[in-house]
Amino acid sequence: MSMIPTMRHVRGFDVVRPLSIGMLMFMMLPLVFLPLLSIFIFGTSKGLASFWSALTASEAVFALKLSMVTSFWATVFNVVFGLFAAYVISRHNFWGRNALIVTISLPTAIPTAVAGFALLLLWGPYGTLGRFLAPHGIQIMFTAGAIILANIFVTFPLAFGVIKPVFDTMSRSLEEASATIGATRWQTFWHVTLPSLRGAIVSGALLTFARAVGEFGSTILVSGNLAGRTQTAPLYIFAKFNEGQIEAANAIAIVLALFSFLIFSVLFFAREWLDVD
Amino acid sequence: MAASAVKIVPEMTPAIDPSPATPQPAASVRAISKRFGQTSVLEDITFDVAEGEALVLLGASGSGKTTILRVIAGLEQPYTGKIILHGKDVTELPARERGVGVIFQSYALFPKMTVEKNIGYGLRIRRRPRKEIKKAVNELLSLVQLEEHRKKYPSQLSGGQQQRVAIARTLAYKPEVLLFDEPFGALDAQTRVHLRREIRVLLKKVNVPAIFITHDQEEALELGDRIAVINTGHIEQIGTPEQIYNHPASEYVATFLGAANILDGVFRFDNVEICGALIGAEVDPTRFKDGQPIKLAFRPEDVSLSKTDNLPDGVCRLSHGVVEEISFAGAYERLSVRLDLMPAPAEKSGDTPYYLTTETPENPTAKPIIATRTKPEASKMKLRVRDHVVVGLTSFTVLPVTAAE
């Protein structure tokens, strides 16, 4: 009796299914899989020892560290700002609210080179603001601070974009219930609002960080690309490639690729944990 | 301050002893009005709730009943008026300082907290000692019979269980008054009836004044020690369920709470005249002026039908009539009877239903009246369509015609 449905299933074997899946995978092969694979093939072709020495070169280590640190501070700022902006925008209705949403989201649409150029025009030694700071010996451009500013600019809407929808769908009655129970606004935010945002905050932060670590276009303009001083990991790859040191570039490329795999697996596999209720 | 009312004692006695010598209301709403822009949503709302009493605010959606609740809770500011809780004017206090317990329609349980954590929330934010919180949570868990669900998250509970958590979470900090916003709206019919009884028992146990909001008349009759019928921002009538049902103060109350027949009439010679016929009902002559238009309201079950002119004692004879329709409604039989004193329905050829021609707003009296009979009544005297009957009333209410109508 239980055999009948199984038989039917076999007879009704759908050819389209394996064909379409196979086709999808075949299309992705030259587009995504093979380029990624070649980083690993080339990077380790001269043996692990040579890969390791390329990775531990002092300039390489510095570039990786600088990328991590600048991306970290940009992430901290943008998550806190995104949280605040999402709170204000979803809780209050005011004149210019939509214009503000568009402005916050704008940096995604601006080419990163333009973003870097804009920062230079503002903070550079002859820039709109920079020229008043320069006489006081304050120089923001061509420092780690400039890299953070550039990272903040290009990743500005990412955390906001993830957090705001959660705020929008969050029932107001949770906060009202907390208030009637006797909680202050701060207690309500800490105990009720924030836990519901946990998933959005973590994924917003990871997205921001991943994007900031890989930032190239704006960083190369504002940092000055000084090896061992303001050279981030992507700039290091570019510089070494130009110098013909393919192995040095490749070692860092592997690290950055693995790093983004890690972040996206966290985003993907920790979804359940992040959204647990 | 709310914080002073926090201590939990095993018997769940109220924060303030209800001594019968001082009949001060536990919660008092004084002349509350509220506007949103130009629209007035509440007008002169005034009522008291005694310690341990359950008051139901009954009204259609959009009547303003939820706004009253939110004003009491401090989630909305009134335009004028005062809220007094246990003798203290809290009108200017923010929600968190009022010590009011609100059970939201959606329960508003904190999704990332377990049942225990939800219930203990009010005490945790008041920084009570851990031991005390644990003890109070255990007592409340047993009060609402959710001990075995203590570690679960709200999403893992049924609607009824969620509601019990919401109640326990509110009782934890000993609220001055409990406010229930459509507490059974999200539940299926069976759970609803069951939970209504449970809540009544629970409320008697904890002796906290409670205000319920509902649009469901059956719920209002069962839950309320008193009912306030709210219509477009004002209280139509406030009283015990018995008073409201048997002596409605307005046509709105009569028709909103249960079914009612309404006949237009005139007050004449201390009596009610309907379409030129005095019906032999004595009315207090001080209430109306001679010739004043009035409305006669009576419940379907207050209609007494007879085949002869011999109506039982105490039944007031209304008119002759013809049975137009009989339907079976479970526990009782439902008849529609066209009274002779009404203008006859316009004669129309064909199958045109009569109400298309006669049931016009200008002539509401032309509607047939609805009568219900219990099974024993129906079997004692069988009636069929087109039977001629004498219609009497065992009970009725004479209402003034308000200017708005």
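Residues numbered from 1 in each chain as written. Chains lettered and ligands numbered in written order. Predicted model: local features only at pLDDT ≥ 70, side-chain atom pairs only at ≥ 80, totals over all residues. Heavy atoms only, no water.

Student: Hey, could you go over the overall build of chain B for me, with residue numbers and the actual values?
Tutor: Each helix and strand in chain B was counted, giving 10 helices and 20 strands. In chain B, which comprises 405 residues, the proportion classed as buried is 49%. Total accessible area on chain B is roughly 19300 Å²; 52% of this is exposed by carbon and sulfur atoms. (Helix = DSSP H or I, 4+ residues; strand = E, 2+ residues; numbered from the N terminus. Buried < 20%, exposed > 50% of the residue type's maximum accessible area, 1.4 Å probe, protein only. Areas by Shrake-Rupley, 256 points an atom, 1.4 Å probe, with all protein chains shown as cover.)

Student: So, the overall build of chain A: which residues are in play, and what are the values?
Tutor: What chain A contains, in helices and strands, is 14 helices and 0 strands. Listing every helix and strand of chain A by position from the N terminus yields α-α-α-α-α-α-α-α-α-α-α-α-α-α. The C-alpha atoms of chain A give 24 Å as radius of gyration, which overshoots the globular expectation for 277 residues (19 Å, by more than 25%). Principal-axis analysis of the C-alpha atoms gives chain A an extent of 90 × 65 × 30 Å. Counting across all 277 residues of chain A, residues that qualify as buried make up 39%. For chain A, restricting intrachain contacts to residue pairs at least 6 apart in sequence, the fraction spanning at least 24 positions comes to 72%. Accessible surface computed for chain A: about 15900 Å², of which carbon and sulfur atoms make up 74%. Separation between the mean location of the 16 positive side-chain charges and that of the 11 negative ones in chain A comes to 2 Å. (Rg over C-alpha atoms; globule rule 2.2 N^0.38 Å. Contact = heavy atoms within 4.5 Å. Lys, Arg positive; Asp, Glu negative; His and termini not counted. Charge placed at Lys NZ, Arg CZ, Asp CG, Glu CD.)

Student: Could you give an account of the environment of Leu64(A), naming the residues involved and the relevant values?
Tutor: All names here are of chain A. As for its position among the elements, Leu64 is in helix H4 (residues 58–91). A sequence separation of 149 residues divides Leu64 from Val213, and the C-alpha atoms of the two residues are 8.9 Å apart. Residues contacting Leu64, with those up to four places away along its chain left out, are Leu55, Ala233, Ile252, Val255 and Leu256.

Student: Go over a nonpolar patch on the surface with me, naming the residues and quoting the values.
Tutor: Residues and elements named next belong to chain A. A surface patch of nonpolar side chains, about 950 Å² in accessible area, is lined by Leu24, Phe26, Met28, Leu29, Leu31, Val32, Phe33, Leu34, Leu37 and Ile41. Counting through the fold element by element, Leu34 comes out in helix H2 (residues 16–43). We classify Leu34 as partly exposed; its relative accessible area is 41%. (Patch = residues over 30% accessible without salt bridge, like charges linked within 9 Å, V, L, I, M, F, W, Y side chains within 5 Å. Salt bridge = Lys/Arg side-chain N within 4 Å of Asp/Glu carboxyl O.)

Student: Lay out the interface of chain B and chain A in plain terms, naming residues and giving numbers.
Tutor: Facing 24 residues of chain B, the contacting portion of chain A comprises 21 residues. Here chain B packs against chain A, burying approximately 1900 Å² in sum over the two surfaces, 62% of which is carbon and sulfur. Counting the surface chain B buries against chain A, the share from its top three residues, Arg96(B), Lys112(B) and Ile125(B), is 33%. The interface formed by chain B and chain A contains 1 salt bridge. Measuring nitrogen to oxygen at the nearest pair gives 2.7 Å for the salt bridge that ties Arg70(B) to Glu176(A). Applying the counting criterion to the chain B and chain A interface returns 7 residue pairs in polar contact (both at pLDDT 80 or more). For the side of chain B that touches chain A, the secondary structure elements donating two or more residues are helix H1 (65–73), strand S6 (100–103) and helix H2 (115–124) of chain B. (Buried area = accessible area lost by both parts, 1.4 Å probe. Polar contact = N/O pair within 3.5 Å; in protein donor to acceptor, adjacent residues only side chain to side chain.)

Student: So, the sheet that holds strand S10 (residues 234–239) of chain B: which residues are in play, and what are the values?
Tutor: All names here are of chain B. In space, the 6 strands of this open sheet follow the order S6-S7-S8-S3-S9-S10, with mixed pairing throughout. Each edge of the open sheet is held by one strand with a lone partner, namely S6 and S10. On average, adjacent strands in this sheet sit at an angle of 20° to one another, irrespective of strand direction. Pairing analysis gives 4 bridges linking strand S7 (residues 177–181) to strand S8 (residues 210–214), with the strands arranged parallel. The partner of Leu179 across the bridge, within S8, is Ile211. In this fold helix H4 (residues 159–171) packs onto S6 and S7, with an angle of close to 175° to the strand it touches most, S6. (Pairing = 2+ DSSP bridges. Axes fitted to C-alpha atoms, helices over the stretch in contact; angles between N-to-C directions.)

Student: Break down the pairing of strand S4 (residues 80–85) of chain B for me, citing the residues and quoting the values.
Tutor: All names here are of chain B. Looking at chain direction, strand S1 (residues 27–36) and S4 are connected through 5 bridges and run antiparallel. Of the residues in S4, the one forming a bridge with Ala27 is Leu85. Bridge analysis of S4 against strand S5 (residues 88–89) gives 2 bridges, and the strand direction is antiparallel. When the bridges of S5 are listed, Leu85 appears paired with Lys88.

Student: I'd love a proper account of the pattern of salt bridges, names of residues and values included.
Tutor: Residue and element names in this part refer to chain B. One pass over the structure, following the stated rule, counts 30 salt bridges over all chains. Across the pair Glu198 and Arg164 runs a salt bridge whose closest N-O atoms are separated by 3.6 Å. Of this pair, Glu198 sits in helix H5 (residues 189–206) while Arg164 sits in helix H4, placing them 34 residues apart in sequence. On the basis of relative accessibility, which here comes to 17%, the residue Arg164 falls in the buried class. With a closest N to O distance of 3.4 Å, Arg196 and Glu222 form a salt bridge. With Arg196 in helix H5 and Glu222 in helix H6 (residues 217–223), this pair connects stretches of sequence that are 26 residues apart. Judged by relative accessible area, which is 24%, Glu222 ranks as partly exposed. Several salt bridges share partner residues, and in doing so they unite Arg196, Arg197, Glu218, Glu219 and Glu222 into one network.

Student: Go over the packing of helix H8 (residues 144–169) of chain A against helix H10 (residues 185–213) of chain A with me, naming the residues and quoting the values.
Tutor: Residue and element names in this part refer to chain A. For the pair H8 and H10, the least separation of the axes is 9 Å and the interaxial angle reads 155°. Looking at the two axes, H8 sits roughly antiparallel to H10. Here H8 and H10 pass one another in a crossing that is right-handed. Contacts between H8 and H10 involve Asn151, Val154, Thr155, Leu158, Ala159, Val162, Ile163, Val166 and Phe167 from the former and Thr193, Ser196, Leu197, Ala200, Ile201, Ser203, Gly204, Leu207, Thr208, Arg211 and Ala212 from the latter. Looking at the contact of H8 with H10 residue by residue, the class counts come to 12 nonpolar, 7 polar and 1 charged. (Parallel < 35°, antiparallel > 145°, perpendicular 65-115°, else oblique. Left-handed = near helix turned anticlockwise from the far one by under 90°. Nonpolar A, V, L, I, M, F, W, Y, C, P; charged D, E, K, R; others polar.)

Student: Requested: an account of the domain arrangement of chain A, with residues and values cited.
Tutor: All names here are of chain A. Looking at chain A, the domain boundaries give domain 1 (1–43) and domain 2 (47–274). Summarising the inter-unit geometry, the C-alpha centres of domain 1 and domain 2 are found 36 Å apart. At the interface, 5 residues of domain 1 touch 7 residues of domain 2. Buried area between domain 1 and domain 2, summed over both chains or domains, comes out near 540 Å², and the portion from carbon and sulfur atoms is 79%. The largest share of the area that domain 1 buries against domain 2 comes from Ile39, Phe40 and Gly43, three residues that together contribute 77% of it. There are 0 salt bridges connecting domain 1 and domain 2. Counting across the domain 1 and domain 2 interface gives 0 residue pairs in polar contact (both at pLDDT 80 or more). Along the lines of polarity and charge, the residues of the side of domain 1 that touches domain 2 split into 4 nonpolar, 1 polar and no charged. (Domains from an automatic or database assignment.)

Student: Would you mind going over the nonpolar core in detail, with residue names and values included?
Tutor: Residues and elements named next belong to chain B. Core analysis: the biggest nonpolar cluster contains 44 residues, and Ile119, Leu178, Phe180, Leu203 and Phe212 have the highest contact counts within it. Here this core takes 6 residues from helix H3 (residues 130–143), the largest share from any one element. In this view, Ile119 contacts Val137, Leu140, Leu141, Val165, Ala168, Arg169 and Ala172; residues no more than four positions away in its chain are not counted. Counting residues in each nonpolar core, the second largest holds 38 residues, with Ala27, Val29, Val71 and Val102 among its members. (Core = buried A, V, L, I, M, F, W, Y, C linked by side-chain atoms within 4.5 Å.)

Student: Now, about the side chain of Thr114(B): what can you tell me, with residues and values included?
Tutor: Relative to the elements of secondary structure, Thr114(B) occurs in the loop between S6 and H2. Excluding anything up to four places from it in sequence, Thr114(B) contacts Arg150(B), Lys151(B), Lys152(B) and Tyr153(B).

Student: Pulling in residues and values, what's your account of the sheet that holds strand S12 (residues 271–274) of chain B?
Tutor: Residue and element names in this part refer to chain B. With antiparallel pairing, the 5 strands of this open sheet are ordered in space as S13-S12-S11-S14-S20. Here the strands that pair on one side only, and so sit at the sheet edges, are strand S13 (277–278) and strand S20 (397–400). One ladder, built from 2 bridges, connects S12 with S13; its direction is antiparallel. Within the sheet, the bridge partner assigned to Ile274 lies in S13 and is Ala277.

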